[in-house]
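Tertiary structure, described
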Amino acid sequence: MEHSFGDKVFFCNSGAEANEAALKLARKYGRDHFGEHKTEIIACINSFHGRTLFTVSVGGQAKYSQDYAPLPPGISHVAFNDIAALEAAISDKTCAVIIEPVQGESGILPATQEYLEAARRLCDQYNALLIFDEVQTGVGHTGKLFAYEHYGVKPDIMSLAKALGCGFPIGAIVTTDAIAPTFGPGTHGSTFGGNPLACAVANRAFDIINTPETLSHVQTQGEKLQTALQQIGERTGVFKQVRGMGLLLGAVMADQYENRAGEIFNAALKHGLMVLVAGPNVVRFAPSLLLNNEDLQEGMQRLEVAINEWLAA
Ligand SMILES: Cc1ncc(COP(=O)(O)O)c(C=O)c1O
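Below or above, wherever it landed, is the structure these notes cover. (Residues numbered from 1 in each chain as written. Predicted model: local features only at pLDDT ≥ 70, side-chain atom pairs only at ≥ 80, totals over all residues. Heavy atoms only, no water.)

With that settled, consider the overall build of the chain. When helices and strands are tallied, the chain shows 10 helices and 13 strands. In terms of C-alpha radius of gyration, the chain reaches 20 Å, essentially the compact-globule figure of 20 Å for 313 residues. Overall, the C-alpha framework of the chain stretches about 60 × 40 × 35 Å when taken along its three principal axes. Within the chain, the fraction of its 313 residues that count as buried is 51%. When the accessible surface of the chain is totalled, it reaches about 13,800 Å², and 52% of it is carbon and sulfur. (Helix = DSSP H or I, 4+ residues; strand = E, 2+ residues; numbered from the N terminus. Rg over C-alpha atoms; globule rule 2.2 N^0.38 Å. Buried < 20%, exposed > 50% of the residue type's maximum accessible area, 1.4 Å probe, protein only. Areas by Shrake-Rupley, 256 points an atom, 1.4 Å probe, with all protein chains shown as cover.)

Here we take up the packing of helix H8 (residues 212-236) against helix H10 (residues 293-312). Across the interface, H8 lies against H10 with an axial gap of 11 Å and an inter-helix angle of 20°. Considering the angle they form, H8 stands roughly parallel to H10. Helix-helix and strand crossings are classified by hand; for H8 and H10 the assignment is right-handed. Contact with H8, carried on its side by Gln221, Lys224, Leu225, Ala228, Leu229, Ile232, Arg235 and Thr236, involves Asn293, Leu296, Met300, Leu303, Glu304, Ile307, Asn308 and Leu311 of H10 and no other residues of that element. Looking at the contact of H8 with H10 residue by residue, the class counts come to nine nonpolar, four polar and three charged. (Axes fitted to C-alpha atoms, helices over the stretch in contact; angles between N-to-C directions. Parallel < 35°, antiparallel > 145°, perpendicular 65-115°, else oblique. Left-handed = near helix turned anticlockwise from the far one by under 90°. Contact = heavy atoms within 4.5 Å. Nonpolar A, V, L, I, M, F, W, Y, C, P; charged D, E, K, R; others polar.)

Below, the discussion takes up the sheet that holds strand S1 (residues 8-12). The strand order across the open sheet built from seven strands is S1-S9-S8-S7-S4-S2-S3, with neighbouring strands paired in mixed fashion. Whereas interior strands pair on both sides, the edge strands pair on one side only; in this sheet they are S1 and strand S3 (75-78). The sheet shows a mean angle of 20° between the axes of neighbouring strands, direction not considered. As judged from the four bridges shared by strand S2 (residues 40-44) and S3, these two strands associate in the parallel manner. Counterpart to Ile41 in the pairing with S3 is Ile75. In this fold helix H5 (residues 113-125) packs onto S2, S3, strand S4 (94-99) and strand S7 (129-133), with an angle of close to 145° to the strand it touches most, S7. (Pairing = 2+ DSSP bridges.)

Another point: helix H1 (residues 15-34). For H1, which comprises 20 residues, the first-to-last C-alpha distance of 28 Å matches the rise-based estimate of 28 Å (1.5 Å per residue) to within 8%. Restricting attention to buried positions, one finds in H1 the residues Gly15, Ala16, Ala18, Asn19, Ala21, Ala22, Leu23, Leu25, Ala26, Arg27, Tyr29 and Gly30. A distance of 3.2 Å separates the backbone nitrogen of Glu17 from a side-chain oxygen at the start of H1, and that oxygen is part of Ser14. Within two residues after H1, Gly35 carries a phi angle of roughly 115°, on the positive side. (Expected span 1.5 Å × (residues − 1). Polar contact = N/O pair within 3.5 Å; in protein donor to acceptor, adjacent residues only side chain to side chain.)

Next up on the list: the pairing of strand S11 (residues 248-253). In terms of burial, S11 is largely enclosed, as six of its six residues are buried. On S11, burial covers both faces: Leu248, Gly250 and Val252 on one face and Leu249, Ala251 and Met253 on the other are all buried. Across six bridges, strand S10 (residues 239-245) lies against S11 in antiparallel orientation. Directly across from Gly244, in S11, lies its bridge partner Leu249. Counted between consecutive antiparallel strands, the loop separating S10 from S11 contains two residues, among which Gly246 sits at a positive phi close to 55°. In the sheet, S11 pairs with strand S13 (residues 282-285) via four bridges, with the strands oriented antiparallel. Bridging from a neighbouring strand, Val252 pairs with Val282 of S13.

Our focus in this paragraph is the site of the ligand. Taken together, 13 residues are adjacent to the ligand, and Gly15, Ala16, Asp133, Gln136 and Lys162 come closest. Here an oxygen atom of the ligand sits 2.8 Å away from a polar atom, N or O, in the main chain of Gly15. Ala16 is positioned with one of its backbone polar atoms (N or O) 2.8 Å from an oxygen atom of the ligand. Here the shell around the ligand takes three residues from H1, the largest share from any one element. Considering only residue class, the shell around the ligand consists of three nonpolar, six polar and four charged. (Near = heavy atom within 4 Å.)

Pasting the structure below:
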């Protein structure tokens, strides 16, 4: 893995499976190296890590887990970007802290530099593993191959999916030589994980994305998209902030349109433009990494027409 902090990769089939593997690896590593007490996982409020029982439990949104109780124990949630809260929660019992470098599903909210640095320092201090969930941010979307590169803070385990297969189902965790042997023969596995077709697709996608040209294109187009969205926000009064990195952006609804992002989604769809929501209050933009100027302009024109129509209705 000359392109990341890691030495070894475990392949699976989705983001949830990747996080499931990351969390299991961290629990087993903690137990094997430090004892039975080292099992606690700290995650962030509003985070999203997938829909298996373990990952909905670790995810910080009760709406995804409450119907499936009893949930696995040993998981606590702290406010995102709150260093004091993490400091108060972490202990010798903590085996892992899991963070999305940019919280995706809950609003395209980037971690602060200080937060990720503090998380790294605290994990080192308490012998806990730092897991970055880069399922949404990884493989180019932020304008770097991995979002952690923006911060210069390396995790111990990173989960990937989504852009890894450019639409084809594949997930992965990346870790170091020191941690990987924890998954010895028979301890974790997947029938279809690492299957030749998925890996061939991911390999090709990775070669296209992991070039200076593509990654700088993502940064340039991301800046243009951000400017265009800010201008639409100013002209229509619908957005109060545009945030994110590269081509992973969130437009936050203005106060008078609070929690109405879904209506923008529907309005845009009527004009043949697919956007997304990231929680009820943020419209998410995660276009193709190869987005060209014509499509960008056309998309923004359609968005503005759709918003004005929605405002007039
Ligand atoms: C940050 C993050 N982690 C995990 C997942 C789950 O990935 P999958 O839907 O491939 O299981 C998602 C999906 O949206 C995600 O955004």
